[in-house]
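Understanding the architecture of this molecule
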Amino acid sequence: MFKVTVLASTGFDYNQQKKLDSSIRKFESVMNSDDLKSRILHYKCSLGMRFENNLGLTNQQVFEKIYAGEENYMPGSNRTADLYLVLVKKWKMPFASSQSIGFTLPNQKEIHTYTWWFNRAEDHQYAGYIAHEWAHKIGFDHSFDPTPTRNYSVPYAFGGIVEELAKGLK
Ligand SMILES: [Zn+2]
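Residues numbered from 1 in each chain as written. Predicted model: local features only at pLDDT ≥ 70, side-chain atom pairs only at ≥ 80, totals over all residues.

**As for the overall build of the protein chain**
Each helix and strand counted, the protein chain has six helices and four strands in total. In sequence order, the secondary structure elements of the protein chain are arranged as β-α-α-α-β-β-β-α-α-α. Whereas a compact globule of 170 residues would reach a radius of gyration of roughly 15 Å, the protein chain reaches 15 Å, a difference of no more than 12%. Along the first, second and third principal axes, the C-alpha set of the protein chain runs to 40 × 35 × 35 Å. Taking all contacts inside the protein chain whose residues are at least 6 apart in sequence as the whole, residues at least 24 apart take part in 67%. (Helix = DSSP H or I, 4+ residues; strand = E, 2+ residues; numbered from the N terminus. Rg over C-alpha atoms; globule rule 2.2 N^0.38 Å. Contact = placed C-beta atoms within 7 Å.)

**Some details on the nonpolar core**
Residues Phe-27, Ile-130, Ala-131 and Val-162 are the most contacted members of the largest nonpolar core, which totals 34 residues. Secondary-structure elements contributing two or more residues to this core are helix H1 (14-31), helix H2 (34-41), helix H3 (59-68), strand S2 (80-88), helix H5 (123-137) and helix H6 (154-167). Not counting residues up to four positions away in its chain, the partners in contact with Ile-130 are Ser-23, Phe-27, Leu-83 and Ile-111. (Core = buried A, V, L, I, M, F, W, Y, C linked by C-beta atoms within 7 Å. Buried ≥ 20, exposed ≤ 12 C-beta atoms within 10 Å, placed from the backbone.)

**Digging into the packing of H5 against H6**
For the pair H5 and H6, interaxial distance at closest approach is 7 Å and the crossing angle is 155°. Taken as axis vectors, H5 and H6 run roughly antiparallel relative to one another. Judged by the sense of rotation from one axis to the other, the crossing of H5 with H6 is right-handed. Only Val-154, Pro-155, Tyr-156, Phe-158, Gly-159, Gly-160, Val-162, Glu-163, Ala-166 and Lys-167 of H6 make contact with H5, whose side of the interface consists of His-124, Gln-125, Ala-127, Gly-128, Tyr-129, Ala-131, His-132, Ala-135 and His-136. Looking at the contact of H5 with H6, its residues break down into 10 nonpolar, seven polar and two charged. (Axes fitted to C-alpha atoms, helices over the stretch in contact; angles between N-to-C directions. Parallel < 35°, antiparallel > 145°, perpendicular 65-115°, else oblique. Left-handed = near helix turned anticlockwise from the far one by under 90°. Nonpolar A, V, L, I, M, F, W, Y, C, P; charged D, E, K, R; others polar.)

**Brief notes about unusual backbone geometry**
Its identity is not glycine, yet Asn-53 carries a phi of approximately 50°, on the positive side. For Asn-53, the position within the fold is in the loop between H2 and H3.

**Some points on the sheet that holds strand S3 (residues 102-103)**
With respect to topology, four strands assemble into an open sheet ordered S1-S2-S4-S3, the strand pairing being mixed. Each of the sheet's edge strands pairs with one partner strand only, and the pair in question is strand S1 (3-10) and S3. As defined by bridge partners, S3 adjoins strand S4 (residues 110-114) across two bridges and the pair is classed as antiparallel. Within S4, the residue paired with Gly-102 across the bridge is Thr-113. Packed onto the sheet, H1 meets S1 and S2 and runs at close to 160° relative to S1. (Pairing = 2+ DSSP bridges.)

**Section: the environment of Tyr-67**
Secondary-structure assignment places Tyr-67 in helix H3. Expressed as a C-alpha distance, the spacing of Tyr-67 and Asn-78, which sit 11 residues apart in the sequence, is 8.8 Å.

**Here we look at the packing of H1 against H5**
Put simply, H1 and H5 touch, their axes get as near as 8 Å, and they point 65° apart. In the crossing of H1 with H5, the sense of the turn from one axis to the other is right-handed. In this structure, H1 contributes Lys-19, Ser-22, Ser-23, Lys-26 and Phe-27 to the contact, and H5 contributes Asp-123, His-124, Tyr-126, Ala-127, Ile-130 and Ala-131. In terms of residue class, the contact of H1 with H5 is made up of five nonpolar, three polar and three charged.

Printed below as a string of structure tokens:
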């Protein structure tokens, strides 16, 4: 059994916390589904049966690394996603063509999300976003620029699959 634990959540009001709780429940449920395991183990893209920026790991090894749940701020594999979530008040800029939905710094444990996006996101979308950012915390990265293959990196691919599978949950 893989666990998803929120060790701290900051900036969420009552209703936002309810959405957060629901997202976490779905993320954890997806993590324990055979669907997700199979999608990671059999992952393939235009690069072949592998992820981009895979640290030299096979799909099986990526799978094992994800399920070990060893964050860079919490050594030891405890088979748990240990999360520190922060909601940051920020409105959408009216004329911005694209705008960041949050940020996380490599050496920080916190995953920051902006209210403009969180308030309109559905729980499965936030689950996917957390999965993407958490993948960074366990050591996976992707190119900064939107290259044609960036979506095949572990954070993007894993986050996308989690979002997709979480969408099918009640
Ligand atoms: Zn990222």
